[in-house]
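Results of the structural survey
Residues per chain are reported as follows:
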Amino acid sequence: MKVLALNSNYPSLSTVCDKKVFLMADSSLAKSGKPWFLPEYAESFAYRPHLVFRVGRLGKNIARRFAHRYIDAVTIGASVEASPMPDSAIANAFDGAAMIGDFIPIEEIPDINNITGMMGVDGGETTSLCSADMICKIDEIIEYLSQYFTFKIGDIIYSGFGTEAVTLAIDQVLRGSINGKEVLNIKVK
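Note that the structure is predicted; figures quoted are calculated from it, not measured.

This brings us to the pairing of strand β12 (residues 173–178). The element β12 is largely enclosed, with a buried count of five among its six residues. Sheet topology note: the β12/strand β13 (residues 181–187) ladder contains six bridges and is antiparallel. By the bridge assignment, R175 is partnered in β13 with N185. The loop that links β12 with its antiparallel partner β13 comprises two residues; one of these, N179, has a positive phi angle of about 50°.

The subject of this paragraph is the sheet that holds strand β9 (residues 126–130). Spatial strand order, β9-β8-β12-β13: four strands in an open sheet with antiparallel pairing. What marks the edges here is a single partner per strand, and that holds for β9 and β13. Neighbour to neighbour, the strand axes of the sheet diverge by 15° on average, direction disregarded. In the sheet, strand β8 (residues 116–121) pairs with β9 via five bridges, with the strands oriented antiparallel. Counted as the bridge partner of T116 is C130 from β9.

All right, on to the pattern of salt bridges then. Two side chains of opposite charge can pair, provided their charged atoms sit close to one another. With the rule as written, the count across this model stands at five salt bridges. Salt-bridge contacts for K2 lead to D155; the nearest nitrogen and oxygen are separated by 2.6 Å. Taken as a pair, K2 in the segment before β1 (3–6) and D155 in the loop between α2 (138–145) and β10 (156–158) lie far apart in primary sequence, 153 residues in all. Across the pair R64 and E143 runs a salt bridge, and its minimum N-O distance is 2.9 Å. Taken together, the residues span a long stretch of sequence, with R64 in the loop between β4 (44–55) and β5 (71–83) and E143 in helix α2 at a distance of 79 residues.

Definitions and cut-offs
- Residues numbered from 1 in each chain as written.
- Predicted model: local features only at pLDDT ≥ 70, side-chain atom pairs only at ≥ 80, totals over all residues.
- Heavy atoms only, no water.
- Buried < 20%, exposed > 50% of the residue type's maximum accessible area, 1.4 Å probe, protein only.
- Helix = DSSP H or I, 4+ residues; strand = E, 2+ residues; numbered from the N terminus.
- Pairing = 2+ DSSP bridges.
- Axes fitted to C-alpha atoms, helices over the stretch in contact; angles between N-to-C directions.
- Salt bridge = Lys/Arg side-chain N within 4 Å of Asp/Glu carboxyl O.

In structure tokens form, the structure reads like this:
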């Protein structure tokens, strides 16, 4: 299983989709319902929410018009960045760098191009993402990535963030939802 994460993908941060991709190991995933332990190897950690899509079939060089067939579920997640770190690849791909919620089957989503994800800390200010606002839509992302990577069942795509990073601290609780259904609950320890 691969975890692929794009950088910014919303007009609030850029006018173009940043197609720089981080490839992460499956050990980068920090699942909802489990605590997230603040590592000691960096001074600070910050997260950025993403809409996250799961691949449901094998594919390579996928044409955009067929790309929607390759997604079987969606959730909200967060990419976590450690700072300062000597290597930006490690700063974005260490164990636990990809927080992820519980997946909702795509059949339960009325419109893949109009998914609303929300994430917040401790019931405070919430960040909202909508797939309708993404600069590169999921079909374009799949077409682009499948040129370089063979998609396998279970691969995960973080579709790009749209906000500035939010600093993490011990005892915070991150909550996230997709179309109003809570799918992510992670306590920082």
